[in-house]
Amino acid sequence: MRVSFCQGLLTGAIVLNLLILYYVSRAQQQMMEKRRDPGRGSRKAALPASGLGGGMGSLVGVGGGMVGPGGVGGEGNSRGPRVTVLLREFEDFENYVGDVARSFLHQRPELPFLAVSDTPPYPPLSLPEGAHLLVLSPSPEQPPQAHRPEFHVQTEFVLLVPDGVELEQGRAVERLIRELEGEGGGPVRLVAAPVLARSAVQCLHLRVSLREWTATYTPAASGSSGSVCTALQGDAVVLIRSEDLFNLSVPLGRPLLPSLFIQTSLHGWKVKLLESPCFSASHRPLFSSAHNQWKADSHLKEATSRLMRNFGLKRLLLADGKEQWHGCGKEMARCFGTVRDDTPEYLYLDRWTPPCCLRALRETTKYVINILESSGVRYWLEGGSLLGAARHQDIIPWDYDVDLGIYLEDVPNCDYLKNLDSGSLVDANGYVWERAVEGDFYRVQYSEANHLHVDLWPFYPRNGVMTKDTWMEHKQDVEFPEHFLQPLVPMPFAGVTAYSPNNHRAFLELKFGEGVIENPQYPNPTKKRLDRSRL
């Protein structure tokens, strides 16, 4: 078959494009190999020289000289060290970082040792040769990679060690590596060994619900070889692949282990706690005085609050049954701003009402109900609050206030309500009673600082129908037959027994439509719809 000139030209062009594609692919592959190999290419170039006092973001050796981003990675060949020892948490005012470095470098002098600090330690650390300091805070004269730890770790694994730990047997590191490699690509992505201290390391299960702003720890099997869980409590040495560590959003957050396990649990990763090898710790307790211990405890509390705030966690349920709260309280503003279009800002983040806000709403509800009942004011659960009682016996998980209906004629019975024609009243317990500026109703706020509130909607009967003079732009804000309130019936709600209409289903379907109890939806689905598959 004869090949025309055009066909030959087209064939030549195709061959030429294939050759170009081949050489481009080869060049990209070589670039990737250079990035992985610390001994070649641009990764070996040192950062601009600077002393420790010359700025943050420095990687400083014992003599104060700079080491480039590839400088602590070892020998730059396939026989180099596979693990970098990294010490993240220590206190400037008293620490044993130098002793830890000397212990590891005595047993394994080829291992890179990296101490990591948020700011330059003062007084400066005394590190042995082969150990380096990385300061995470950026400095304007440094390149961006200077303060990023992933540019300073060139090994396959990272061994995270606590302050005061010692390496007595160099083979212990290989044991951890073998254990982690033996897990293959399964869910176990971290291996840990205990540090011999006064309290044993505890293996925990951790469930993190970002939607509910909550982390829940529960006990797991502990102390046996090969225990697998999702979090640890206590001193431990933890091995993780460098790639996994630096794929986390905050790889070296503080406190280190809570930060690490919150993130790894959200990835579905697990940690394997070994019974051996054990690492010794001659420096226990870490602090020589009660004052230094108090300072360290205060720093830990501050770091924990900062971490929870950054991760959007308001409530910690601990394994011993205790709770920690990191959200709003009575003396601070609530966790969200002014609600627009009946859609609080957290719904747009696929989150529900923060638990601290729900707690404040429950406290306010209980307080208001007690006062209404003791004052002889008839009330009933209204709107979304009645809907929450029917579904959950509680506030709807994404609701941001509580609604109660009251008889207008009973308002003079309550000292807090009868004189609220203008202004507001702060009672002896710090609750703020006011006549709402948005309409003809009353509002009780949690405090002057925190505006979580219970709304009181006054109705009066007219020809057997409960009505009022001012109406809001809510579909549930409608007239209804008074027979729903004759009699009022008790109903569990938000930890108390409240009163509700006697046929709550018919009452709710009158206001919201048929099937409203069984078909939950956000208050304004035109702005944000509830994904019911996630319930």
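In the nomenclature of an unreviewed UniProt entry, the chain corresponds to Ribitol-5-phosphate transferase from the organism Salvelinus namaycush. Per its UniProt entry, the chain bears the Sequence similarities (unreviewed entry) comment "Belongs to the LicD transferase family."

Digging into the pairing of strand β8 (residues 214-219)
Relative to β8, strand β7 (residues 202-209) runs antiparallel, the two sharing 6 bridges. Looking at the pairing, L206 lines up with Y217 of β8. Where β7 hands over to β8, the hairpin turn is made up of 4 residues, of which W213 adopts a positive phi near 60°. Taken together, the 3 bridges between β8 and strand β13 (residues 315-317) define a ladder with parallel strand orientation. Residue pairing in the sheet places T214 in a bridge with R315 of β13.

Looking at the nonpolar core
Within the largest apolar cluster, 64 residues are counted, with the highest numbers of intra-cluster contacts made by L372, W380, L404, I406, L417, W433 and L456. The greatest single-element share of this core, amounting to 10 residues, is contributed by helix α8 (residues 355-375). Apart from residues lying up to four places away in sequence, I406 is in contact with L372, V377, R378, Y379, W380, V411, L417, Y442, L456, W457, P458 and F459. Formed by 41 residues, the second largest nonpolar core is a distinct cluster that contains L86, A231, L273 and L313.

Remarks on the packing of aromatic side chains
Centre distance and the angle of the planes are the two values used to describe a pair of aromatic rings. Per the counting criterion, the structure on display carries 17 aromatic pairs. An angle of 80° between the planes, with centres 5.2 Å apart, marks the rings of W398 and Y522 as edge-to-face. Here the residue W398 occupies a position in the loop between α9 (383-392) and β16 (402-407), and Y522 occupies one in the segment after α11 (504-512), the gap between them amounting to 124 residues. Overall, the relative accessible area of 5% leaves W398 in the buried class. Here Y522 falls in the buried class, since its relative accessible area comes to 7%. Taken together, the ring pairs connect W380, Y407, F459, W471, F480, F484 and F507 into an aromatic cluster. When the ring centre of W352 is taken as reference, the NZ or CZ atom of R211 above it lies at 3.8 Å. K295 extends its terminal NZ or CZ atom over the ring of F93, reaching a point 4.1 Å from the ring centre.

Section: the layout of surface pockets
Computed from the structure, the largest pocket encloses a volume of approximately 1700 Å³. Forming the boundary of the largest pocket are 46 residues, of which E89, G234, D235, P255 and L300 lie nearest the centre. Secondary structure elements with two or more residues in the lining of the largest pocket: β5 (157-161), β7, β10 (231-233), α5 (256-266) and α6 (290-311). Broken down by element, the lining of the largest pocket gets its largest block of residues, 9 residues, from α6. Residues of the lining of the largest pocket, tallied by class, amount to 26 nonpolar, 9 polar and 11 charged. Its volume calculated, the second largest pocket comes out at about 1200 Å³. Looking at the second largest pocket, it is lined by 44 residues, and the ones nearest its centre are D342, Y400, H474, Q476 and P523. Sorting the residues of the lining of the second largest pocket by element identifies α9, β19 (442-445), β20 (453-462) and α11 as the ones contributing at least two each.

Points about the sheet that holds β13
Spatially, 5 strands are ordered β10-β7-β8-β13-β14 in an open sheet, and the strand pairing comes out mixed. Pairing within the sheet leaves two strands with one partner each, and these edge strands are β10 and β14 (323-325). Sheet twist, expressed as the average angle between the axes of neighbouring strands with direction ignored, equals 25°. Strand contacts of α5: β7, β8 and β10, with the helix running at about 60° to β7, the strand carrying the most contacts.

Observations concerning the packing of α9 against α11
The geometry of α9 relative to α11 is characterised by a closest axis approach of 10 Å and an angle of 135° between their N-to-C directions. By the angle between their directions, the pair α9 and α11 is classed as oblique. Relative to α11, the crossing made by α9 is left-handed. Across the interface between the two elements, G383, G384, L386, L387 and A390 of α9 pack against H504, F507, L508 and F512 of α11.

Some words on the packing of α5 against α6
The N-to-C vectors of α5 and α6 enclose an angle of 20°; their axes lie 10 Å apart at closest approach. One way to sum up the angle between α5 and α6 is to call them roughly parallel. Pair α5 / α6 crosses with right-handed handedness. For the pair α5 and α6, contact is made by P258, S259, I262 and Q263 and by L307, M308 and F311, respectively.

Side note on the state of the cysteines
Inspection of every chain in the model, using the stated rule, returns 1 disulfide. The side chain of C203 participates in a disulfide bridge whose partner is C229; the two sulfur atoms lie 1.9 Å from each other. On the S-S bond that ties C203 to C229, the torsion sits near -90°, and the link is left-handed. Taken together, the residues span a long stretch of sequence, with C203 in strand β7 and C229 in strand β9 (residues 227-229) at a distance of 26 residues. On the accessibility criterion, C229 (1% relative accessible area) is buried. Counting only cysteine sulfurs, C328 is the nearest neighbor of C357, a cysteine outside any disulfide, at a range of 3.7 Å. Residue class for C357 comes out buried when judged on its relative accessible area of 0%.

Rules used throughout
- Residues numbered from 1 in each chain as written.
- Predicted model: local features only at pLDDT ≥ 70, side-chain atom pairs only at ≥ 80, totals over all residues.
- Heavy atoms only, no water.
- UniProt positions renumbered as here; feature names shortened; annotations may be inferred.
- Pairing = 2+ DSSP bridges.
- Helix = DSSP H or I, 4+ residues; strand = E, 2+ residues; numbered from the N terminus.
- Core = buried A, V, L, I, M, F, W, Y, C linked by side-chain atoms within 4.5 Å.
- Buried < 20%, exposed > 50% of the residue type's maximum accessible area, 1.4 Å probe, protein only.
- Contact = heavy atoms within 4.5 Å.
- Phe/Tyr/Trp six-rings, centres within 6.5 Å; stacked < 30°, edge-to-face > 60°.
- Lys NZ or Arg CZ within 6 Å of the ring centre and 35° of its normal.
- 1 Å grid on protein atoms, 1.4 Å probe; cavity = no way out; pocket = protein on both sides within 12 Å on 5 of 7 lines; lining within 4 Å.
- Points joined across faces, edges and corners; volume = space filled by probe spheres on them.
- Nonpolar A, V, L, I, M, F, W, Y, C, P; charged D, E, K, R; others polar.
- Axes fitted to C-alpha atoms, helices over the stretch in contact; angles between N-to-C directions.
- Parallel < 35°, antiparallel > 145°, perpendicular 65-115°, else oblique.
- Left-handed = near helix turned anticlockwise from the far one by under 90°.
- Disulfide = S-S within 2.5 Å.

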